[in-house]
Every structure is written in structure tokens, then in C-alpha cells.
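Spelled out, the chains give:
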Number of protein chains: 2
Amino acid sequence: MSTRLRIALDAMGGDHAPDMVVDGADIARERCPNVDFLFVGDEQRINALLDARPALKAISQVRHTADVVAMDAKPSVALRSGRGSSMRLAIDAVASGEAASVVSAGNTGALMAMAKFVLKTLPGIDRPAIASMLPTMRGDCVMLDLGANLECDADNLVQFAVLGTVFAQTVLGLLEPTIGLLNVGSEEQKGHEAIRTAASALRATPLARNFHGFVEGTDIAAGTVDVVVTDGFTGNVALKTAEGTGKLFGEFLRRTFQSSLLAKLGYLLARTAFNKLRQRMDPRRYNGAMFLGLQGVCVKSHGGTDGLGFANAICVAVDLVQHGFNEKIRKELALLQESLQAASAAASGSDPQAVAQ
Amino acid sequence: MSTRLRIALDAMGGDHAPDMVVDGADIARERCPNVDFLFVGDEQRINALLDARPALKAISQVRHTADVVAMDAKPSVALRSGRGSSMRLAIDAVASGEAASVVSAGNTGALMAMAKFVLKTLPGIDRPAIASMLPTMRGDCVMLDLGANLECDADNLVQFAVLGTVFAQTVLGLLEPTIGLLNVGSEEQKGHEAIRTAASALRATPLARNFHGFVEGTDIAAGTVDVVVTDGFTGNVALKTAEGTGKLFGEFLRRTFQSSLLAKLGYLLARTAFNKLRQRMDPRRYNGAMFLGLQGVCVKSHGGTDGLGFANAICVAVDLVQHGFNEKIRKELALLQESLQAASAAASGSDPQAVAQ
């Protein structure tokens, strides 16, 4: 008998909840055969949706609560007064071991605050980060932080590099993912202090061999590195700028194909090829921002997504659990601590290696 | 007799200088009939290029120097030891009143340091900013700062809003350009302190009526506002991320059209329409980053551009001079100072209006 993996779902989070949550679970069910679900939210509405999906119903459990975190609630308020909310109870299910991970399309700030409070950060991680995958010329890359920490010091950035590396190994399947620190230029003297200190610090860790140095905004889509590390303010702006530019380009493409009879005809011929491109660039493919650095797997789906997008977020959560993401993080962090201690000991003249000999 | 406008050109700056500088001037000459040029650089090479272009030669003067600022020189080094460089002498020509503006495709940091040192900032401006135009769903917008100031306080951001507004009025021809502060969310409590203070400060100025509030990365390409204000680190990353995403999309488009025989045929039919799109998105159309806030007009061309791109940078410089950009800035800054003083006097209970009555 194979062990089944239980995923807790905040059934009430997101613009089209609970419908798209149940839809998403139904799609994910077919892709990940060993998964079952714990839906948290309005029992009556969820059950009505499950009744129409017997195969899903058979692997689902529902936990009722009428309380929901509002999409525009302040994180601090949600944390204080949302103890009975669908979001909070779904996170609690991970903390208690009932579920292996949690997926929510609700309020990002509230989810981060609750997840951090309930699950706590991993040893060696000061602050969790939000990470996501992005399309590049050379496959996908991962970028973090995307908004959990607006201001970051050098230590935070080094920790993000560890988190991002293990994520790229686990989800992108890369053996030795390369790392870049997002900056305004690639030269060593560029950028502000935190980023330059982080670059020196990274060179003294086991990650040094895969550390590419500074990268610029153009390098993200160029796929220059597999892991793009940055503070949450810059990362959030960069991610959304890329999204906006993609939409602009898509709109210009649409207008171009409609601008003349010949162009319309051209579209008819190239349609199959363009459908493939559309699939490749589908934002739903990149749905699922991971909260990394917590003692538990928590995935945030885009609030406006549909069932297909939500299913992708669920599958990312399943991937992270099945590949032992957090166990790998723990190991890498232990190695990092060792090397940092060795470096600082060496710097102060008491090299532990030398003493041992 | 109409007055002619003289533009000083750093003939040695950029990857393909001096050829593309002379090419660019030749293209700009046809577009802007009342302009003549002062080329600064290697006399022999420039004259050889001018000899082949008699019409350009007739409106050009050459100032010789063998000294060139290296593309990778540190700004501080260039400032100290580049006093005889083509870049510096071209800026000097603006300071002395010989030229109305300067255009260079050389080292950005060195150009900013020299321009600031030689031309000085306008009264009321603490730091100059780099601005550029970007394509959006609703025409072009202007974004600043793009890298001159990695860290900015609230005062800097408010001054950038003034600079950007007058730029949008002058170059984009908008009567009442709307302003947005780039942030990680549109809600009032979002973002770090400098940006929130800047938002409150802007609401107390004459710019308040056009101040849209916070905008996100997606809003840049959406064209939500005409002027996007941000610090130089974020702005630089956002601009380059948009550039990179545009390139990625272009590459995917190319691959899509080549992916099958039908798609290739489709491209042949839609080619005319796509050539228009290509022209619309041509990075050379957006060449010319303006250094705003200086007592003189200084335009930075992309280092890797060709003659057409350089001509666009020249035309932006001409536009700024002909529309009295700096005079407008002076007026707006005076109004801003007045309203800020009135606001602070009102806040301290000694309303000058009330006293006067």
C-alpha cells in the first residue's frame, strides 16, 4: 500500500473560490495519483461542488468554518482575528501533521504572516521568502524574494540563495543550479552595500562554485542564471514588470494579426504554432508562489486564477513534499553554517582544520 | 534668419563610435533642419567620415582630442583624469554656452558624474535623475530614476515627480500627465517609508491633482500613469526586466513562425503587419535616456546603438531644448517650493495667507 499525501486547501481564498479550488483539486487528482485533500471552508458550498465530482469526493475531507480572511485585510489584523478562518485552519493542519502542505489563493500578506507564525522558520533562516518560476530563453528560472521582505540585509540574501538553489534542484530538476544576485550592473563595485556584502559572503560558502555574480534585469529572461536572488521590493516590481510586458506584447500581437486581411489569414495558418506558444507562456503554468524557509510547505496561488492554475499550484506543493524539499534545505543550511563558521574562524586566525591537525 | 541650435556630440562614446555618431548626426540633420553640430574627438577619424557627407560637413565643427573615457572606467576616476576627454569637452561646450545640449553614447556613470560636476543641478533639485520613455498599451510613458541614484529619500522622489511631469509635457506633449509611485501594491500602507512619505508629500503639492498614488510593475506597460517615479535601483531593474522580457517574447515569436511550414507561410502573409509592430517596438525608438535636473540638457544614448538610434537621441535633445524644458522645470520647482512652504507654514499654525490679511 502506497502512502497517500494529504494537501490542505484553503477552499475560500481567491476571487473564484470555492469553485476554482474544487475544480483545481479535481484536475490535480488526475496528475498526482497519490494525493488526497482536506478542504477547509464553507461545508455546504464545498459539499455541493464535491457531490458533482464523485471521484474527487472519495479522496476528500471537508472541515467547516464560516470565517474567511478578506482579500484586503491587513496581515496583522488577519493574524489576530482570523484564528478560525479557512486559511488559518488549513495552515494548522500542516502544523499538526494532518496535512503535508497547504495551498491558498487568498490574501498573500495574511498567508505569509500566518504561515510564519504557525509553522515557524527553518533553523538558520531568519525570514521566509516568496519564490516563483519564470520563463527564460533557456527553460525556466526561479526568482526570490518576490515581496515577503521589502528590505533585506546580506544574510537574508545569502539564505535566499540557499533556498532558491534547493528549490531549483527539487522543482526544476537541476543538479547544479547557477545563482545570480540582481543588481544594476555586473561589475563588482555596482549596487548598494547589502548586495555587495552578500556577494562576498556567497563566495565563502559551498554555493561559491555556482555563484555567477551580479546579474541585471535583462538577465532574468535571458536565462543567464537558474536562481535570481533579490530583495522583496525589487523582486516584486521585476516580476510584475515582466508580467506587464508580456501582456503588452500579447496585446500588440493580437492587434497585429487583426490589422489587415492578410495578417488575419496569416494567423489562421500559424494558429497551431501560436497555440503552442500561448501554452508555453500561459501564466497558469507559472502559478504557485512558494513560501520558502518555513517548517512546512506552503504554496500561494494567484488570487484570480482558475481551476487549471490552481491545479498547477497544488502540483508544485506535491512536488516539494515528494522531493523532500525541506529536508534538503536543512542539509544545505547545515553545510552553509559550517562553512561560514570555518571562514570566520579562519579569518580570526583559529582555523579549526589547522587546530585539528 | 532663424537661430540655429548647436548640439555637442561626444564623437568617441559608444561601441561603434565615431562612425555611428556621424551617421546619427546625418540622419538627425534631415529631421531637425535648424541644428548644427560640434563633434568632439579624434579629428582625423571624424573628418574622414564627414568628407563623405558634404551636407553634414557644412553644418559641423570638429574639436580635436585624443582622450577618451573608457566604457568600464569608474565615474570617480573618469571625473578626475578625464578632463581632456571627448565626453568632458562636449559637456564643457554646454556649460560655456557654445552648445545647447550634449549627446553621448559613452559610459553612463562617467557621463552623469561629469555632467553633474560641470553643469550643476537646478535650484531645488538635490540629485539629477535618468529618465526614459517606454511603450505602453496607451502610448508611451516616462520612467525615472533609471540608475543615477540607487537609494532615494522622499524629497528625491517628489523632485523626480516634478522632473518627470515637465518631461512628459515637453516630450510626450501631454497637458496634465498623471504620476504614479512604483510600489509592491496600490494600497496606502504598502511599501517602505521613503515611498509612503513621498506619497503624502506629493498630495500637498500642485501635482496632487495628477497624482494617481502607488502603481505596481504591471502598471508600467498597462499605461496606468504617464510618469512612473521610482528610485534608481528599482527603476534600472524594472527597465532592464522589461527589455529582457521583450527580447524573450520576440525570440519566442521568431521560433513560433519557424516551427512549421504553415507557420512560415502565415508569417509571409502577416509580414507587412509584423514589420509595423517591429518598428513600434524598435528599441532604437526609445533610445535616449535623459539626465533631468541639470542646468543644461544632457542625453545618454545606448552604448550599442547604431546611427538611427543615435539620431533619435539627438532629436530628444533637440526637443528638450526647443520646448524650453529647463525653463519649465524652473517654474514648476518654484511653484512646488511655494506650496511646500505654505503647507509647512499652515501645519505650524502661521499661515502666511492669514498673516497677510
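Residues numbered from 1 in each chain as written. Chains lettered and ligands numbered in written order. Predicted model: local features only at pLDDT ≥ 70, side-chain atom pairs only at ≥ 80, totals over all residues. Heavy atoms only, no water.

Draft legend 1. View of unusual backbone geometry. The linkage connecting Ala 17 of chain A with the following residue, Pro 18 of chain A, adopts the cis geometry, with an omega of 0°. Of note in this structure, Lys 120 of chain B is not a glycine but carries a positive phi near 65°. With respect to the helices and strands, Lys 120 of chain B occurs in the loop between helix H6 (108-119) and strand E5 (129-136). (Helix = DSSP H or I, 4+ residues; strand = E, 2+ residues; numbered from the N terminus.)

Draft legend 2. The relation of the copies chain B and chain A, seen in detail. Expressed as a screw transformation, the operator carrying chain B onto chain A has a rotation angle of 180° and an axial translation of 0.0 Å, and the superposed copies differ by an RMSD of 0.0 Å. Within this description, the copies of the chain are treated as partners about a two-fold rotation axis. If distances are taken from each C-alpha of chain B to the rotation axis, the shortest is found for Gly 266 of chain B, at 1.8 Å. Mapped onto chain A, 100% of the interface residues of chain B are again interface residues, and the two copies thus contact each other with one and the same surface. (Least-squares fit on C-alpha atoms with pLDDT ≥ 70 in both. Contact = heavy atoms within 4.5 Å.)

Draft legend 3. Main features of the nonpolar core. Ranked by size, the top nonpolar core spans 110 residues in total, and within it Leu 9, Phe 37, Phe 39 and Leu 181 of chain A carry the most contacts. Broken down by element, this core gets its largest block of residues, eleven residues, from helix H7 (residues 154-171) of chain A. Both domains that furnish three or more residues to this core are identified here as domain 1 (1-121 + 293-323) and domain 2 (126-289) of chain A. Every residue in contact with Phe 37 of chain A, bar those within four places of it in the chain, is listed here: Ile 7, Leu 9, Ala 25, Ala 28, Arg 29, Leu 56, Ile 59, Ser 60, Gln 61 and Ile 314 of chain A. Judged by nonpolar contacts, the second largest core, of 109 residues, contains Leu 50, Leu 202, Phe 214 and Val 318 of chain B. (Core = buried A, V, L, I, M, F, W, Y, C linked by side-chain atoms within 4.5 Å. Buried < 20%, exposed > 50% of the residue type's maximum accessible area, 1.4 Å probe, protein only. Domains from an automatic or database assignment.)

Draft legend 4. Just the pairing of strand E7 (residues 179-182) of chain A, in detail. Residues and elements named next belong to chain A. Neither face of E7 is left uncovered, since the one carrying Ile 179 and Leu 181 and the one carrying Gly 180 and Leu 182 both have all their residues buried. Judged from the four bridges that link them, E7 and strand E8 (residues 211-215) form a sheet pairing that is parallel. When the bridges of E8 are listed, Ile 179 appears paired with Phe 211. In this view, the connection linking E7 to its parallel neighbour E8 by way of helix H8 (residues 193-203) has right-handed handedness. (Pairing = 2+ DSSP bridges. Right-handed = clockwise from strand over helix to strand, strands pointing away.)

Draft legend 5. Structural view of the interface of chain B and chain A. Each side of the interface is counted separately: chain B has 54 residues, and chain A has 54 residues. When the buried surface of chain B facing chain A is broken down by residue, Met 137, Phe 233 and Phe 249 of chain B rank first, second and third, together holding 15% of it. Where chain B touches chain A, the interface holds two salt bridges. If you look at where chain B meets chain A, you find six residue pairs in polar contact (both at pLDDT 80 or more). At the level of elements, E5, helix H9 (217-222), helix H10 (232-257) and helix H11 (261-281) of chain B are the ones that each hand at least two residues to the side of chain B that touches chain A. Sort the elements by how many residues they give to the side of chain B that touches chain A and H10 of chain B lands first, with 23 residues. A per-class count over the side of chain B that touches chain A returns 26 nonpolar, 18 polar and ten charged. (Buried area = accessible area lost by both parts, 1.4 Å probe. Salt bridge = Lys/Arg side-chain N within 4 Å of Asp/Glu carboxyl O. Polar contact = N/O pair within 3.5 Å; in protein donor to acceptor, adjacent residues only side chain to side chain. Nonpolar A, V, L, I, M, F, W, Y, C, P; charged D, E, K, R; others polar.)

Draft legend 6. Structural context of the sheet that holds strand E7 (residues 179-182) of chain B. All names here are of chain B. One open sheet holds the eleven strands; their spatial order is E3-E2-E1-E4-E11-E10-E5-E6-E9-E7-E8, and the pairing between them is mixed. Strand pairing shows two members of the sheet lacking a second neighbour, strand E3 (60-64) and strand E8 (211-215), which therefore form its edges. Adjacent strand axes in the sheet meet at a mean angle of 25°, parallel and antiparallel pairs treated alike. Alignment of strand E6 (residues 139-144) against strand E9 (residues 227-229), held across three bridges, turns out to be parallel. Bridging from a neighbouring strand, Leu 144 pairs with Val 229 of E9. Seen against the sheet, helix H2 (residues 43-51) touches strand E2 (35-41) and E3 and runs at an angle of roughly 160° to E3. (Axes fitted to C-alpha atoms, helices over the stretch in contact; angles between N-to-C directions.)

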